[in-house]
Amino acid sequence: LDSVDLGPEEKLDLLHKKIGQDELRTYITQTYQSRKISPSRLQSYLDCPRKFYFQEVEVCRIDKTTKVQLESFELGEIEHLIIREYFERKLAPDHETLVALIDLRLREYLAKRKTKIQIPSLRPIQKEILEYSINGIQILESMIAKYGFTSVNFEVPVFETLEERDYIGRMDCVLENDSSYAILDFKRGTSSIPSVRAFDRFEKVQVWFYLAHYKTSKIPIGFGLICLSDPEKSLLRDLSESEMDRSEFDRQMTDYKIFEQQLVQQMYSDRIFPANPAKNTVCDFCDLNALCSKGHL
């Protein structure tokens, strides 16, 4: 299709027309049986039931990692690691300390993954990790100062059993003081930050899932998504200054729990798992997109 003089949408339409029938439908022979429910699995099903089926029921994935470059998710993992280590080790907030830490952890990560990257190619990677990590550290430090948080915890587990199903997850960061807490999730790029409208309509469920299933006697005072590449694009909710009335928050949490319950019921009862992507971009990250009707049949 690259040689055809058509726009992106026209090329997509042409690709759809080449798929005359729902070939993948014949391979759907099971239902979702696992008792484990995580925010990533719910999000996958919400994005596209067909994509979910071949990721979680009959696993059909392509390993896209290479030995000569780092994927976006790998860069995100390193940036999360640097932010976490900065706070857990109470490191000095200076440039030299962070540069040394990044150099050490990046080389360890590359050795563990057996990834070989030329030295000149490492420089822009190191530059990004430094910039994005500083962005994340500064946002956390500003929230700690504003709310008087006394503890910063990373990779905090979530576990709750409801109706013989285990709701599990791991939160990137939880800030706490004696009476309140904030749940935060790090996102490397702006494409992972939904609009306010989409967030409130539960088109992205991760943070709502954590709020619904995190067991604590403390009250939430803030929550949201931190954009490491562009902090101005972060989506953060403040419950301390009437920016979002608490009664409105309670109503939204009730709405989310109803939404989640219905989504879970649909996920377990589904026998077709239709190709029904919520957005065209969902198909870009699906390993079977070249074989799928993408909901056009």
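For clarity, every value in this text was computed on a predicted model and none was experimentally measured. (Residues numbered from 1 in each chain as written. Predicted model: local features only at pLDDT ≥ 70, side-chain atom pairs only at ≥ 80, totals over all residues. Heavy atoms only, no water.)

### Overview of the overall build of the protein
Within the protein one finds ten helices and six strands. Taken across its 297 residues, the protein has 44% of its residues classed as buried. Taking the contacts inside the protein whose residues are at least 6 apart along the sequence as the reference set, 70% of them involve residues at least 24 apart. As presented, the protein carries roughly 16,500 Å² of accessible surface, and 50% of it is formed by carbon and sulfur atoms. (Helix = DSSP H or I, 4+ residues; strand = E, 2+ residues; numbered from the N terminus. Buried < 20%, exposed > 50% of the residue type's maximum accessible area, 1.4 Å probe, protein only. Contact = heavy atoms within 4.5 Å. Areas by Shrake-Rupley, 256 points an atom, 1.4 Å probe, with all protein chains shown as cover.)

### What to know about the nonpolar core
Within soluble globular proteins, side chains that are nonpolar tend to cluster in buried spots. Ranked by size, the top nonpolar core spans 45 residues in total, and within it Leu-42, Trp-208 and Leu-211 carry the most contacts. Counting only elements with at least two residues in this core, the list comes to helix 2 (39–47), helix 3 (49–57), strand 2 (151–162), strand 3 (165–176), strand 4 (180–187), helix 8 (206–213), strand 5 (219–227) and helix 9 (246–269). No other element matches helix 9, which puts seven residues into this core. Those residues within four positions of Trp-208 in sequence are excluded, and the remaining contacts are Phe-199, Asp-200, Phe-202, Phe-223, Phe-249, Gln-252, Met-253 and Tyr-256. Membership of the second largest hydrophobic core comes to 35 residues, among which are Leu-91, Leu-101, Tyr-132 and Leu-184. (Core = buried A, V, L, I, M, F, W, Y, C linked by side-chain atoms within 4.5 Å.)

### Let's talk about the packing of helix 2 against helix 9
The relative placement of two packed helices is expressed as an angle between their axes plus a distance between the axes. One can describe the packing of helix 2 onto helix 9 by two numbers: an axis separation of 11 Å at closest approach and a directional angle of 75°. When the axis of helix 2 is compared with that of helix 9, the two are roughly perpendicular. Facing Arg-41, Leu-42, Tyr-45 and Leu-46 of helix 2, the residues of helix 9 in contact are Tyr-256, Phe-259, Glu-260, Leu-263, Val-264, Gln-266 and Met-267. Here the contact of helix 2 with helix 9 is composed, by residue class, of eight nonpolar, one polar and two charged. (Axes fitted to C-alpha atoms, helices over the stretch in contact; angles between N-to-C directions. Parallel < 35°, antiparallel > 145°, perpendicular 65-115°, else oblique. Nonpolar A, V, L, I, M, F, W, Y, C, P; charged D, E, K, R; others polar.)

### Some details on helix 5 (residues 95–113)
A rise of 1.5 Å per residue sets the reference length of helix 5, with its 19 residues, at 27 Å; its end C-alpha atoms lie 27 Å apart and thus fit the reference within 8%. Where helix 5 begins, the capping side chain belongs to Asp-94, and its oxygen is found 3.3 Å from the backbone nitrogen of Glu-96. Following helix 5 by one or two positions, Lys-114 adopts a phi angle in the positive range, close to 55°. (Expected span 1.5 Å × (residues − 1). Polar contact = N/O pair within 3.5 Å; in protein donor to acceptor, adjacent residues only side chain to side chain.)

### Concerning the packing of aromatic side chains
Applying the stated rule across the entire model yields 22 aromatic pairs. Both rings, one in Tyr-86 and one in Phe-87, keep their centres 5.1 Å apart while their planes meet at 85°; by these two values the pair is edge-to-face. Both residues of the pair, Tyr-86 and Phe-87, count as buried. Between Phe-199 and Phe-223, the ring centres sit 6.4 Å apart and the planes meet at 25°, which makes this aromatic pair stacked. Placement of the pair is Phe-199 in helix 7 (residues 196–200) and Phe-223 in strand 5, with a sequence separation of 24 residues. For Arg-165, the ring lying beneath its charged end belongs to Tyr-268, and the centroid distance is 3.9 Å. (Phe/Tyr/Trp six-rings, centres within 6.5 Å; stacked < 30°, edge-to-face > 60°. Lys NZ or Arg CZ within 6 Å of the ring centre and 35° of its normal.)

### Quick notes on helix 9
What sets the pattern is the α-helix's 3.6 residues per turn: residues three or four places apart point alike. Between the first and last C-alpha of helix 9 there are 35 Å, a value that for 24 residues agrees with the 34 Å anticipated at 1.5 Å per step. The set of residues buried in helix 9 consists of Phe-249, Gln-252, Met-253, Tyr-256, Glu-260, Leu-263, Val-264, Met-267 and Tyr-268.

### So, the state of the cysteines
Scanning all chains against the criterion turns up zero disulfides. Between Cys-283, a cysteine without a disulfide, and Cys-48, which holds the nearest cysteine sulfur, the sulfur-to-sulfur distance is 6.3 Å. A residue is classified by how much of its surface remains accessible, and Cys-283, at 12% relative accessible area, is buried. (Disulfide = S-S within 2.5 Å.)

### Regarding unusual backbone geometry
Phi is positive for Glu-163, close to 50°, though the residue is something other than glycine. Its location among the elements puts Glu-163 in the loop between strand 2 and strand 3. Residues other than glycine seldom take positive phi values, yet Glu-164 does so here, at roughly 65°. Turning to its location among the elements, Glu-164 is positioned in the loop between strand 2 and strand 3.

### Some details on the confidence of the model for the protein
Of all residues in the protein, 86% attain a pLDDT of 70 or more, and the chain-wide mean is 87. Low confidence marks residues 14–18, where pLDDT is under 50. Its contacts with residues over four positions away, or in another chain, come to seven contacts. (pLDDT = per-residue confidence, 0-100.)

### Some points on the environment of Pro-274
If you trace the backbone, Pro-274 turns up in the loop between helix 9 and helix 10 (280–284). Linking Pro-274 and Pro-49, residues 225 residues apart in sequence, is a C-alpha distance of 5.8 Å. Contact partners of Pro-274, with chain neighbours within four places excluded, come to Cys-48, Pro-49 and Arg-50.

### Points about the pairing of strand 4
Among the eight residues of strand 4, eight are classified as buried, and the element is accordingly described as predominantly covered. Where burial is concerned, the two faces of strand 4 agree: the one with Ser-180, Ala-182, Leu-184 and Phe-186 and the one with Tyr-181, Ile-183, Asp-185 and Lys-187 are both buried. Two elements, strand 3 and strand 4, share four bridges in a ladder whose sense is antiparallel. By the bridge assignment, Glu-176 is partnered in strand 4 with Tyr-181. Count of turn residues in the strand 3/strand 4 antiparallel hairpin: three residues. Examined bridge by bridge, strand 4 and strand 5 share eight bridges and lie parallel to one another. The residue of strand 5 that forms the bridge with Phe-186 is Ile-226. (Pairing = 2+ DSSP bridges.)

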